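A look at the structure
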Amino acid sequence: MYIPTPSSFDPDHRGHFGMFGGRYVPETLMPALLELHSEYEKIRFEKNFWTEVDYYLKDYVGRPSPLYFAHNISRELGARIYLKREDLNHTGAHKVNNVIAQGLMAKRLGKKKIIAETGAGQHGVATATICALLGLECEIPMCAKDLAPQQLNLLRRKLLCAKPKAVQSGSRTLKDAMNDAIRHWVTHARDTFYIIGTVAGPHPYPMMVRDFQAIIGWEARRQILEKENRLPDSVIACIGGGSNAIGMFQHFLEDESVTCIGIEAGGLGVESTQHGASLLKGRPGVLHGQMSYLLQNDDGQILEAHSISAGLDYPGIGPEHAFHKENRSVHYDNITDDEALDAFVWLSQKEGIIPAFESAHAVAYLKKLPDIAGQLVIVNLSGRGDKDMMQAKELLHFD
Ligand SMILES: *Cc1c(COP(=O)(O)O)cnc(C)c1O
């Protein structure tokens, strides 16, 4: 059974990964964050809590997710490529790993209401799902920009939330949705638990969400050792806020022989202004309760991010990634919209697996990885592409 272990990349007691992270929030939120932190310290290594998490991950989510040897693309590239199948999880992505555990924490803290931000809507769907499962009330603002292409997720959410509460929202983007969620939380922290969908936000969220997603890398490490009897040369994951990537990297970071590669959204190209490459093109700053890399203009105004995939268009990034970038413990690069769309078609037609647009960024990097011939590589397939089919229909000009 997976239980986190202390890592040499744990933040300090105030949540700092080097200069990044921390807890930059209004005074009124401090009691809620301190309460959460002290509860998390209690359960972080507690067998009872993880036994409960394990039960839901196995019987409800369907873990462990398979590590699939992708024969056809391996043959084409002359390498050995494995896909970590987070797309096969209940609700279709890795998000549920984190949301289940946070839902169980909310119950422990006696909170009956849940607030969550959502961009792609995958986090919204996962949150609405566990609210139904655990009997919690869910309040989720949705950003207008995501509504049209993400209709399927919106409908799923409407079905799952018996009494959906409209949270006042002027949201157009994920950045705004997170602002709205935090604003709502400020005035409702006493009875409301905020389920953050990625390794961002004020301490302890980045550490907590990383622990909850680290089951991905924990499983993948055991699976690859069993199948190949050695560690991979590289592991690749896409990065929005950075949770599936950190979850995958966590159990490989201390191995010198393994290169961890995080792929940001290159959008229309990182030389344009239309991308989501916060690490590559951003500068350190404070947003959503944390210090991290942000896309900002010369005056420090936060810029809008762009990506073909709603789950990657976030102008910030989890603080631990900012630390890994400066520390050079992870290699970061980007993939454009066009390259991701090519990979979306490529994986669908070669392996019969339709990846989420987000995950297609990680898949696309296989074609850019220098000296891939002969390498053993794991790609984290963070989610499935059903939600992206309406967008794909337009982009690929289906009748
Ligand atoms: C939300 C999402 C992402 C991006 O979020 P991270 O926190 O960076 O993992 C990636 N892939 C899928 C399928 C998603 O739903």
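Residues numbered from 1 in each chain as written. Predicted model: local features only at pLDDT ≥ 70, side-chain atom pairs only at ≥ 80, totals over all residues. Heavy atoms only, no water.

**A word on the state of the cysteines**
Definition in use: Throughout, a disulfide means two cysteine sulfur atoms within 2.5 Å of one another. Only protein chains enter the calculation, and the probe is 1.4 Å; a residue is then buried if its accessible area is under 20% of its type maximum, exposed if over 50%, and partly exposed in between.
Under the definition given, this model contains zero disulfides. Not part of a disulfide, cysteine 131 finds its nearest cysteine sulfur in cysteine 138, a span of 4.4 Å. Residue cysteine 131 is classed as buried on the basis of its relative accessible area of 3%. Cysteine 238 supplies the cysteine sulfur nearest to cysteine 260, a cysteine that is in no disulfide, at a spacing of 14 Å. Judged by relative accessible area, which is 2%, cysteine 260 ranks as buried.

**Observations regarding the environment of phenylalanine 45**
Stated precisely, the cut-off is as follows: Strands are runs of DSSP state E lasting at least two residues, helices are runs of H or I lasting at least four, and both sets are numbered from the N terminus onward. The contact definition used throughout considers only heavy atoms, calling two residues in contact when any of these lie within 4.5 Å.
Looking at where phenylalanine 45 falls in the secondary structure, it is placed in the loop between α1 (30-43) and α2 (47-61). For phenylalanine 45, a relative accessible area of 41% gives the class partly exposed. For phenylalanine 45 and proline 6, which are 39 residues apart along the polypeptide, the C-alpha to C-alpha distance reads 8.9 Å. Here phenylalanine 45 is in contact with Ile3, Pro4, Thr5, Pro6 and Trp50, once residues within four sequence places are set aside.

**Thoughts on helix α7 (residues 151-160)**
The condition that has to hold: An arc is given here, and it is the one of the directions from the helix axis to the C-beta atoms.
Within α7 the residues assigned to the buried category are Asn153, Leu154 and Arg157. Looking straight down α7, one finds that the buried residues subtend no more than 100° of arc, so they occupy a single side. Across from the buried face of α7, at angles greater than 90 degrees, the exposed residues are Lys158 and Leu159.

**Here we look at helix α4 (residues 95-108)**
Spelled out, the test is: Residue count minus one, scaled by 1.5 Å, sets the expected span of a helix.
For α4, which comprises 14 residues, the first-to-last C-alpha distance of 20 Å matches the rise-based estimate of 20 Å (1.5 Å per residue) to within 8%. Among the 14 residues of α4, twelve are classified as buried, and the element is accordingly described as predominantly covered. Of the residues making up α4, those classed as buried are Lys95, Val96, Asn97, Asn98, Val99, Ile100, Ala101, Gln102, Gly103, Leu104, Met105 and Ala106.

**What about the environment of arginine 108?**
Within the element layout of this structure, arginine 108 appears in helix α4. Accessibility expressed as a relative area gives 36% for arginine 108, which makes it partly exposed. Separated by 121 residues in sequence, arginine 108 and asparagine 229 have C-alpha atoms that sit 40 Å apart. Residue contacts for arginine 108: discarding those within four places in its chain leaves Glu39, Ile43, Glu46, Asn48, Phe49 and Glu52.

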